[in-house]
Amino acid sequence: MSDDDSREQGVEFGEFEETMEEIDYPIDNDELLEQHGDDELELSGEPTTLSEVLDPIQDDEQTYETEEDLETMVMNMVGDDAVGREGYSDRGGSAESENMEEERDEQESF
């Protein structure tokens, strides 16, 4: 498996990608963290553990029925942590600076 196969939206699943495929589903959050909480993921190039990502879940009965359920929850829990620079656009500048330019142009036209 290439690195590109285990990366999704700023999250590098790495070796945990294969682990997710091998888990005996359904599995509840507590059991998952007990067995795999120390497994590492990368968020924007920074290592983090599965526990760090999923510990904040308040639902004591959270269960993952499939690998896709688990992957979706990880993606939901990392949110903006997985994104590089906020407001960044690879289209020549940051989205924020483009918005500021548009606002300035609108104000100047009045």
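(A) Representation of the environment of Glu34 in the model. Assignment of secondary structure puts Glu34 in helix 2 (residues 29-36). Classification of Glu34 as exposed rests on a relative accessible area of 71%. C-alpha of Glu34 to C-alpha of Ser51: the two residues are 17 residues apart in sequence and 8.8 Å apart in space.

(B) Inspection of a negative patch on the surface at higher detail. A cluster of like negative charges, contributed by Asp24, Asp28, Asp30, Glu31, Glu34, Asp59, Asp60 and Glu61, occupies part of the molecular surface. Take the negative patch: its biggest share by element is 3 residues, from helix 2. On the secondary structure map, Glu61 appears in the loop between helix 3 (50-54) and strand 6 (63-64).

(C) Inspection of helix 2 at higher detail. What helix 2 keeps buried is the set Asn29, Leu32, Leu33 and His36. Considered in projection along helix 2, the buried side chains sweep an arc of 95 degrees and stay on one side of the axis. In helix 2, the exposed residues that point more than 90 degrees away from the buried face are Asp30 and Glu34. For helix 2, the N-terminal cap is Asp28; the gap from its side-chain oxygen to the backbone nitrogen of Asp30 is 3.1 Å.

Conventions used here
- Residues numbered from 1 in each chain as written.
- Predicted model: local features only at pLDDT ≥ 70, side-chain atom pairs only at ≥ 80, totals over all residues.
- Heavy atoms only, no water.
- Helix = DSSP H or I, 4+ residues; strand = E, 2+ residues; numbered from the N terminus.
- Buried < 20%, exposed > 50% of the residue type's maximum accessible area, 1.4 Å probe, protein only.
- Patch = residues over 30% accessible without salt bridge, like charges linked within 9 Å, V, L, I, M, F, W, Y side chains within 5 Å.
- Areas by Shrake-Rupley, 256 points an atom, 1.4 Å probe, with all protein chains shown as cover.
- Salt bridge = Lys/Arg side-chain N within 4 Å of Asp/Glu carboxyl O.
- Lys, Arg positive; Asp, Glu negative; His and termini not counted.
- Charge placed at Lys NZ, Arg CZ, Asp CG, Glu CD.
- Arc of directions from axis to C-beta.
- Polar contact = N/O pair within 3.5 Å; in protein donor to acceptor, adjacent residues only side chain to side chain.

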